[in-house]
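Here's the letter readout for the chains.
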Amino acid sequence: MVTTQTTKGWGYLASSLLLFGSLASSAATSQCISLATSTVCPYYTSFAVNSTTFALLVPSETSPSTAKDIDTILNATSGVTYWSNQKSRLGCPSWTGNGVRFTVSYLCYLAVSQSAECNIATLTGEQTSLPPSLLPRPWCPDSCGKFADSVSAVMDNRTVCTDTGVETRQLRQNLVASFYNLCDALTISQVQNPSVACAPASPAERFCGFGNDLLDAQTFCRRQNDTCCASVPSFGRLQASPPLLSVLIGVVSLATMFSMVWF
């Protein structure tokens with residue numbers, strides 16, 4: 001059963017899209033791409049995405065025509081391209097698009113939710129909205145919350161987002177608020193619909209939600225004490241063997257002490 005809170009979540013999602021303009025697609029140039037074989041968006045394999053919608057979300061030199069194309073593009077960008085394309089509008093000219101966690105998971109969820117025309121084509125009769133049986137699994141609130149927190153941190157960084165004009169600053173605030181509202185709605189929906197499994201983070205974001213970007217993940221782990229850092233190369237090894245590290249420090253200290261006595 002889909003509650004009004006689930007619908008509310010979709011409303012917040014739509015409102016965040018309005019900040020970036022319409023993603024309406026053209027039937028003449030678009031095609032529906034099945035995600036049946038997707039490994040980056042595996043929790044939406046029963047759905048399809050509109051090729052034009054996806055191209056607007058994640059611009060690429062090649063137009064996607066298969067699930068493999070979509071996976072390749074998402075793996076290559078790790079979400080960085082999506083944000084770097086928004087930096088001027090958001091008043092963050094020096095932003096490289098890095099620093100946001102779980103963007104690929106968000107894009108999987110977003111692309112499917114904005115491709116309703118591809119997912120009602122097989123139904124008979126006229127449909128004005130997706131029926132409950134064709135609604136994609138809601139995104140898990142935990143990943144959504146970490147996504148929103150990281151977006152907020154970037155938007156609040158005055159070194160990166162240097163445009164302090166009233167309108168631009170309001171745009172950033174509205175964007176962050178829309179993400180938090182979406183996460184809140186997803187949380188309420190999960191509580192009210194415990195039998196509906198939410199969609200976890202994409203497997204492509206195994207390094208603390210930063211996709212294949214090890215530098216971002218390592219930077220994050222230097223500042224945060226998060227269990228996800230155990231899977232990040234270099235950090236995982238240090239976390240896994242604190243006794244050995246302590247012994248090595250002790251040996252070095254002991255050797256230093258003896259060298260001082262000797263001389």
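Chemist: Teacher, can you tell me more about the overall build of the protein here?
Modeler: For the protein, the count of helices and strands is eleven helices and two strands. Each helix (α) and strand (β) of the protein, taken in turn from the N terminus, gives the series α-β-β-α-α-α-α-α-α-α-α-α-α. For the protein, the residues scored as buried account for 44% of the 263 residues in total. Pairs at least 24 residues apart make up 70% of the contacts formed inside the protein by residues separated by at least 6 positions. Of the roughly 13800 Å² of accessible surface on the protein, a fraction of 59% belongs to carbon and sulfur atoms.

Chemist: What is the right way to read the state of the cysteines from this model?
Modeler: By definition, a disulfide links the sulfur atoms of two cysteine residues through a covalent bond. Taken as a whole and assessed by the stated rule, the structure comprises seven disulfides. Cys-92 shares a disulfide with Cys-161; S-S distance 2.0 Å. Between Cys-92 and Cys-161, the disulfide has an S-S torsion of 90 degrees and is therefore right-handed. Taken together, the residues span a long stretch of sequence, with Cys-92 in the loop between α4 (80–84) and α5 (103–113) and Cys-161 in the loop between α7 (141–155) and α8 (166–192) at a distance of 69 residues. The pair Cys-92 / Cys-161 is uniform in exposure class, with both members buried. Each sulfur in the disulfide pair Cys-208 and Cys-228 lies 2.1 Å from the other. Linking Cys-208 and Cys-228, the disulfide has an S-S dihedral of approximately 105 degrees and is accordingly described as right-handed. Of the two residues, Cys-208 is situated in the loop between α8 and α9 (214–223) and Cys-228 in the loop between α9 and α10 (235–240); the sequence distance between them amounts to 20 residues. Considered together, Cys-208 and Cys-228 belong to a single accessibility category, that of buried residues.

Chemist: I'm lost on the confidence of the model for the protein in this one. Help?
Modeler: The predicted structure's coordinates, where accompanied by low pLDDT, should not be read in detail. Here the protein averages 78 in pLDDT, while 72% of its residues score no lower than 70. The secondary structure element of the protein with the lowest average pLDDT is helix α11 (residues 242–262), at 39, and the one with the highest is α7, at 96. Low pLDDT (under 50) marks residues 237–263, which in the prediction has three contacts with non-local residues, meaning those over four places away or in another chain.

Cut-offs applied
Residues numbered from 1 in each chain as written. Predicted model: local features only at pLDDT ≥ 70, side-chain atom pairs only at ≥ 80, totals over all residues. Heavy atoms only, no water. Helix = DSSP H or I, 4+ residues; strand = E, 2+ residues; numbered from the N terminus. Buried < 20%, exposed > 50% of the residue type's maximum accessible area, 1.4 Å probe, protein only. Contact = heavy atoms within 4.5 Å. Areas by Shrake-Rupley, 256 points an atom, 1.4 Å probe, with all protein chains shown as cover. Disulfide = S-S within 2.5 Å. pLDDT = per-residue confidence, 0-100.

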